[in-house]
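# Chain and residue survey
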Amino acid sequence: MDGDRVEIDGGIMEGGGQILRVSTALSCLLGLPLRVRRIRAGRSQPGLRPQHLSGLEIIRDLCNGKLNGGEIGSTEITFTPGKIKGGTHIADTKTAGSVCLLMQVAMPCVLFAASPSELHLKGGTNAEMAPQIDYTVMVFKPIVEKFNFTFNCDIKKRGYYPQGGGEVVVQVSPVKELSPINLTERGTVTKIYGRAFVAGALPIKLAKDMSAAAVRCIRKEIRDLYINIQPVREPDDQAVGTGSGIIIVAETSTGCLLAGSSLGKRGKNSDKVGIEAAEILLKNLKHGGTVDDSLQDQLIIFMALAKGVSRVKSGPITLHTQTAIHFAEQLTKAKFTVTKSEEEDPSNDTYIIECQGMGMINPNL
């Protein structure tokens, strides 16, 4: 420890970029100088990739912080935060690195800025190993806004693997504090909808095939609901490169949103893409939780910052979620408990994630 630098081991638990995102966002919010060692030690290519570096740079810029070790491949960084300010900030991965992961790191910080922020995030909008931008808009946004803030997300251009080139503009106004959430009642599924998309050199027929295969798969389990998965071809002036994929969302009577998604790639049959997304959705519906596997870990930092007790009912706790909880507790005064849910149906594998939030107050408002 030099001075009061918090030491973070980036190689434990999930051992990937998420540790960096959670810890640097909290460092920025709490004014805690940070050292992260063994960055992404759990990955085949350890150290910072372009996407992680862009995330660190936007956090640094948001708060006039100091970043040392910010190079591609670096396995150790130190970060000294300053004061969070609003305004316009640009982050560009210059690759197909996910804009959604850039949003994940920046969003909690700009909520506690001194003035409204506009984030121009550039990279991949529909990337592997990350939420698709459609997921962010259709599922993450309406649920996370239950913490009592709003943001606007404008997809200017879509960008796909390998070159990226997408751009999303996010506008956020600061808040005084975040309210806790209570997502413990699943309710019944009332509608299922989504979009199957193609862009670039791919014909619309592939989108129709993905959609039809997904509907057939869901129909085997859920017979009586109208399923509306729109096949779309992205306009050429709003997409860079060639890509395809699908997202399917189930909405419940209590306002829960759970999803399944999948991306097409060369040599992967379009029916398979549709079926994969449908199976992920059905798996998320089966466990009886109010959030799906992708949202679970994304809510942790907001629960930690909120004032009061948040409760979320989820399916089996993912390693990403365990990791987010571990670092949120290490850096904030928030306290999490995870308990097996007492279900009427014992076959349901559900848990209650409860958090006594730290009650972060925006010093600028």
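Residues numbered from 1 in each chain as written. Predicted model: local features only at pLDDT ≥ 70, side-chain atom pairs only at ≥ 80, totals over all residues. Heavy atoms only, no water.

Looking up the chain in an unreviewed UniProt entry gives the name RNA 3'-terminal phosphate cyclase, with the organism given as Menura novaehollandiae. UniProt's Catalytic activity (unreviewed entry) comment on the chain is quoted here verbatim: "a 3'-end 3'-phospho-ribonucleotide-RNA + ATP = a 3'-end 2',3'-cyclophospho-ribonucleotide-RNA + AMP + diphosphate". Its UniProt record gives the chain a comment under Sequence similarities (unreviewed entry), which states: "Belongs to the RNA 3'-terminal cyclase family. Type 1 subfamily." (UniProt positions renumbered as here; feature names shortened; annotations may be inferred.)

## Some remarks on the sheet that holds strand 12 (residues 239-240)
Pairing between sheet strands relies on hydrogen bonds along the backbone, with the strands arranged either parallel or antiparallel. What the five strands build is an open sheet, ordered 5-6-8-7-12; its pairing is mixed. Both outer strands of the open sheet, strand 5 (87-92) and strand 12, are each paired with one neighbouring strand and no more. Inspection of the sheet shows strand 6 (residues 117-123) paired to strand 8 (residues 166-172) by seven bridges, in the antiparallel sense. Within strand 8, the residue paired with His 120 across the bridge is Val 169. (Pairing = 2+ DSSP bridges. Helix = DSSP H or I, 4+ residues; strand = E, 2+ residues; numbered from the N terminus.)

## What about the packing of aromatic side chains?
Within the structure shown, the criterion is met by six aromatic pairs. Pairing Phe 149 with Phe 151 gives two aromatic rings, centres 6.3 Å apart and planes at 25°, and the pair type is stacked. The exposure class assigned to Phe 149 is buried, which follows from its relative accessible area of 3%. Judged by its relative accessible area of 4%, Phe 151 is buried. Site record: aromatic cluster; members linked through ring pairs are Phe 140, Phe 147, Phe 149, Phe 151 and Phe 302. (Phe/Tyr/Trp six-rings, centres within 6.5 Å; stacked < 30°, edge-to-face > 60°. Buried < 20%, exposed > 50% of the residue type's maximum accessible area, 1.4 Å probe, protein only.)

## Looking at the pairing of strand 13 (residues 243-252)
Counting buried positions over the 10 residues of strand 13 gives nine, a clear majority of the element. Pairing of strand 10 (residues 189-199) with strand 13, which is carried by 10 bridges, proceeds in the antiparallel orientation. Across the sheet, residue Ala 199 finds its bridge partner in strand 13, namely Gly 243. Bridge analysis of strand 13 against strand 14 (residues 257-263) gives seven bridges, and the strand direction is antiparallel. From the neighbouring strand, Ala 250 faces strand 14, where its bridge partner is Leu 258.

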